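A look at the structure
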Amino acid sequence: MGLVREAGREARLSWSAVLGCVTSLQASVKDTAVSGQLLAVLPPLYQKGKAVEAGQVTALLRESLQDGFLAFLLHQALAAGDPKLTFLCLQEADSLTSSLSPAQLQQQGSDQLALHVLSFLLSPKLRVQKQAFRLLPSFAVASSQSFIKELAEFFSLHKAEILDNVDNFVTLLARNKVAEDTCSVLLEQCKRSEERRVG
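Residues numbered from 1 in each chain as written. Predicted model: local features only at pLDDT ≥ 70, side-chain atom pairs only at ≥ 80, totals over all residues. Heavy atoms only, no water.

1. Topic: the confidence of the model for the protein chain
The pLDDT averaged across the protein chain works out to 80; a share of 77% of its residues lies at or above 70. Within the protein chain, the lowest mean pLDDT, 47, falls on helix α1 (residues 2–10), and the highest, 94, falls on helix α7 (residues 83–97). Segment residues 1–5 is flagged for pLDDT under 50; beyond a separation of four residues in sequence, or across chains, it makes one contact in the model. (pLDDT = per-residue confidence, 0-100. Helix = DSSP H or I, 4+ residues; strand = E, 2+ residues; numbered from the N terminus. Contact = heavy atoms within 4.5 Å.)

Here it is as structure tokens:
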């Protein structure tokens, strides 16, 4: 009650009060929509120079979602309309995957998640592309699917050309004779990713 009175007098809340409320909410509600709304707070926190506070929110989400945190990050990155949030999700995913072994990554569904990462390699936003390229090697090593390994190798070999101009992609595919079924999987994933972003 004292915190409410103080907040009313000063017309602001202390960060510790906000974090306490958020922690209680996150502990009682296991809903990814709530987690998604908390995640959307990160870009404004970073923009205001509140990296410590952003780290606390990230740690809270990671603790709450546990093994589902990586999938959550990649799904949120796909659904985000804000390129800054997409970038932050991929950056956090990169940090997380670097701490996981290939076996741990497989347990988290690396093959399906790798398809999400591949779709970000064709993003019109250079920062997003570069961050996706950082994630790619971890997923390629952990994958049990040959087409994911083939696509990862293709993207790695042509990284500079793709980053230079994403429109080079179609020409590169034709020139390198990537297997048709592999191209079909990539096309389908890119189509789904675009539908999620738009819808």
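Additional details are given in the paragraphs that follow.
2. Details of helix α6 (residues 69–79)
Burial analysis of α6 places eight of its eleven residues in the buried class, the great majority of the element. Of the residues making up α6, those classed as buried are Phe69, Leu70, Phe72, Leu73, Leu74, Gln76, Ala77 and Leu78. (Buried < 20%, exposed > 50% of the residue type's maximum accessible area, 1.4 Å probe, protein only.)

3. With respect to the packing of aromatic side chains
Taken as a whole, this structure holds three aromatic pairs when the rule is applied. A ring pair is formed by Phe69 and Phe72, whose centres lie 6.5 Å apart and whose planes are at 20°; its orientation type is stacked. With Phe69 and Phe72 both in helix α6 and three residues apart, this pair spans about one turn of that helix. Phe72 gets classed as buried once you look at its relative accessible area, which sits at 6%. Ring geometry for Phe154 and Phe155: centres 5.6 Å apart, planes at 75°, overall edge-to-face. (Phe/Tyr/Trp six-rings, centres within 6.5 Å; stacked < 30°, edge-to-face > 60°.)

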